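Below are the chains, spelled out letter by letter.
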Amino acid sequence: MSAVSEAATSSAMRTREATVRRFAFTDMVFRAATRASAILVLVLLGGVAISLIAGSWEALSKFGISFLSTESWNPVTENFGALAPIYGTIVTSAIAIIIAVPIGIGIAVFLTELCPRPLRRPIGIAVELLAGIPSIIYGIWGLFVFAPFLQTTIQPFIIWLFKGIPGLNSLFAGPPYGIGLLTSSLILAIMVLPFITSITKDVFDTVPAVLKESAYGIGCTTWEVTRRVTIPYTRVGIMGGVMLGLGRALGETMAVTFVIGNAHRISASLFAPGTTISATIANEFTEADGAIYTSSLVALGLILFIITFIILALARYMLLRIDSRTGA
Amino acid sequence: MATAASLHQSRKRKNAVMMALCVIAAGIGLAWLALILGALLYKGLSGVSLAVFTQMTPPPGDAGGLLNAIYGSIVMTIIGIVVGTPIGVLAGTYMAEYGRFSKLTTVVRFINDILLSAPSIIVGLFVYELMVRPMGHFSAIAGAVALSILVIPVVVRTTEDMLNLVPNALREAGTAIGAPRWVVIRSVAYRAALSGIVTGILLAIARISGETAPLLFTALNNQFWSSNLNAPMASLPVTIFQFALSPYEEWQQLAWTGALIITLTVLGLSIIARSLTGRREDR
């Protein structure tokens, strides 16, 4: 009797041990799988960097550092330089940011200070929906609706307005093509607006109510509270949002490809067609014949990767700083 | 006394001006959305017909539809999601559960946030170097892999965020009745965070269904019906790109219709995703 129960207990012990071991094993496997996936994220970014360096090696070793300072882009003589696309990328992104930042901050102020509460969420969502629209949609809209509008109304007016003013008249020199650097900048501004707005709104919400209330208490107007309390308190976060928008603008491809005109030259006029790094790659990659042509395009990609990596890393660093402050 | 009153007046005026500018800024934001959606509806709706969904992309100058492009987009999106989602969910699980305080998590989170906003054309170049060049030809599978690389960071981010919101007391209760860690994660944490994780997947679908740049030189394009994953495949965004820049009126019309289809899909997905998390917040 007791022997039987002893045997039963020990067999129960054994199955129990086996079960625990099995649990521990499955747990180890699951843990290893999650860890491997996390490491894969790092491997992806490393892989991107390595493959871009490998793919651009031929062009970089042939042209060297002068690749960065050469304007010529000639597939026939196989002489390539990145200056025009780099110039176009930086100019369009910079103008886009200059336009989008004040509007983005304005919308954020409107949403946090002025907007009636029931409207706040719908308007916030509507602005964020702008962020979800694929860039090719902005492209087709820019090409068929926005560019003709600029060409027939805005651009002739601006050309006429600045005709006699030195400096400005070469910056806005005609003829009005509709497509070009300025059109791309405006489309980019619309595209980065939601990113800047939503981050600015989020960091505005982190301002302690007590700070704002004490400013209101000594008789400040809403604008003075925004200007003297909210914006100084959230400066780092706003900068992070702006950098994030800049990162998007620099790498934006399809919308720009539609409206920039793809001309490999640097013109003083913002109305002239130009090109950006991503637009050049998108337009020419599948048609590139010859190893050096393809390699030069990958080298452009590498430059874009490095620029955006630095900008985005800075953006994340700034946003982390404001996160840790509100967390503390 | 007079100066104090006038100072008060000028401060009030300045406030009114700045606040009016803010309202105008919000108006501009909403007006753009309305303008773009309006143009899309106006130009796209006129081309919507049964033929769009039943016929292949036409040769220049002919009437036709977008069937092969729609099919290609769906196939590559599904493969991209099926490949990318498990990796993203597992990585997010590591960051929120096993390695919440580890150094690796901090690094992965930083890199993942950069991948999240990295230019998608760079991902296209990467997959070109990784798959297209060694295989020697463009293929749908390369396009799907490029899309899955875009899915991963979105899913990682939302999974980690949502798992972090699950109260620790739930996990402790699971552990207290003797459940091993992976059972707790699977049956408690995943279940509590389910709607958030699904939101992340929906947002990822919304993101990749409109992506053009990574497909340009991975899946390329195809004028004809093809279900061969090892061959070039048409997709809606690339077809729109090709047709919109063409001089043919029929092609441009199809591009507008395709753009409308993509936009409605993407907006629909993000609204569903938002309403899922919205409900959770209310509760």
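Coordinates for the structure precede this section.
The structure displayed is predicted, hence computed values, not measured ones.

Student: Please clarify how the interface of chain A and chain B should be interpreted in this entry.
Tutor: A common way to express how large an interface is: the accessible area buried when the components associate. Contacts between the two partners involve 80 residues from chain A, matched on the other side by 78 residues from chain B. Overall, the association of chain A and chain B removes approximately 7200 Å² of surface from exposure, summing both partners, and the carbon and sulfur fraction of that is 82%. The largest contributions to the chain A side of the interface with chain B come from Trp141(A), Trp223(A) and Arg316(A), which together make up 9% of the buried area. A salt bridge links Arg11(B) to Glu224(A); the shortest N-O distance between them is 2.7 Å. Among the elements that take part in the side of chain A that touches chain B, helix α1 (residues 2-63) of chain A stands out by supplying 21 residues, more than any other. Of the residues belonging to the side of chain A that touches chain B, the class tally is 52 nonpolar, 20 polar and 8 charged.

Student: Please explain helix α8 (residues 181-209) of chain B as it appears in this structure.
Tutor: Since the α-helix turns once every 3.6 residues, residues separated by three or four places project in the same direction. The end-to-end C-alpha distance of α8(B), which contains 29 residues, comes to just 36 Å, noticeably less than the 42 Å that a straight helix rising 1.5 Å per residue would cover. Residue Leu194(B) marks the point of greatest curvature in α8(B), where the axis turns by about 65°.

Student: Would you mind showing me how to read the pattern of salt bridges here?
Tutor: Side chains that carry opposite charge are capable of pairing whenever their charged atoms lie near each other. Residue and element names in this part refer to chain B. A full pass over the atoms with the stated rule returns 9 salt bridges over all chains. Close ionic contact of Arg171 with Glu97 constitutes a salt bridge, the shortest N to O distance being 2.8 Å. Of the two residues, Arg171 sits in helix α7 (residues 168-176) while Glu97 sits in helix α3 (residues 67-98), which places them 74 residues apart along the sequence. The same class applies to Arg171 and to Glu97, which are both buried.

Student: How do you make sense of the packing of aromatic side chains when you look at a structure like this?
Tutor: In this description, an aromatic ring pair is defined by two values, namely the gap between the centres and the angle between the planes. Residues and elements named next belong to chain A. Summed over all chains, the structure comprises 21 aromatic pairs over all chains. Their ring planes at 35° and their centres at 6.0 Å tell us that Phe157 and Trp160 sit as a pair that is tilted. With Phe157 and Trp160 both in helix α4 (residues 135-161) and 3 residues apart, the pair spans about one turn of that helix. Take Phe157: its relative accessible area is 46%, and that puts it in the partly exposed class. An aromatic cluster is built from Phe63, Phe67, Trp73, Phe80 and Tyr293, whose rings are joined through pairwise contacts.

Rules used in this analysis
Residues numbered from 1 in each chain as written. Chains lettered and ligands numbered in written order. Predicted model: local features only at pLDDT ≥ 70, side-chain atom pairs only at ≥ 80, totals over all residues. Heavy atoms only, no water. Contact = heavy atoms within 4.5 Å. Buried area = accessible area lost by both parts, 1.4 Å probe. Salt bridge = Lys/Arg side-chain N within 4 Å of Asp/Glu carboxyl O. Helix = DSSP H or I, 4+ residues; strand = E, 2+ residues; numbered from the N terminus. Nonpolar A, V, L, I, M, F, W, Y, C, P; charged D, E, K, R; others polar. Expected span 1.5 Å × (residues − 1). Bend = angle between axes of the 7 residues up to and from the residue. Buried < 20%, exposed > 50% of the residue type's maximum accessible area, 1.4 Å probe, protein only. Phe/Tyr/Trp six-rings, centres within 6.5 Å; stacked < 30°, edge-to-face > 60°.

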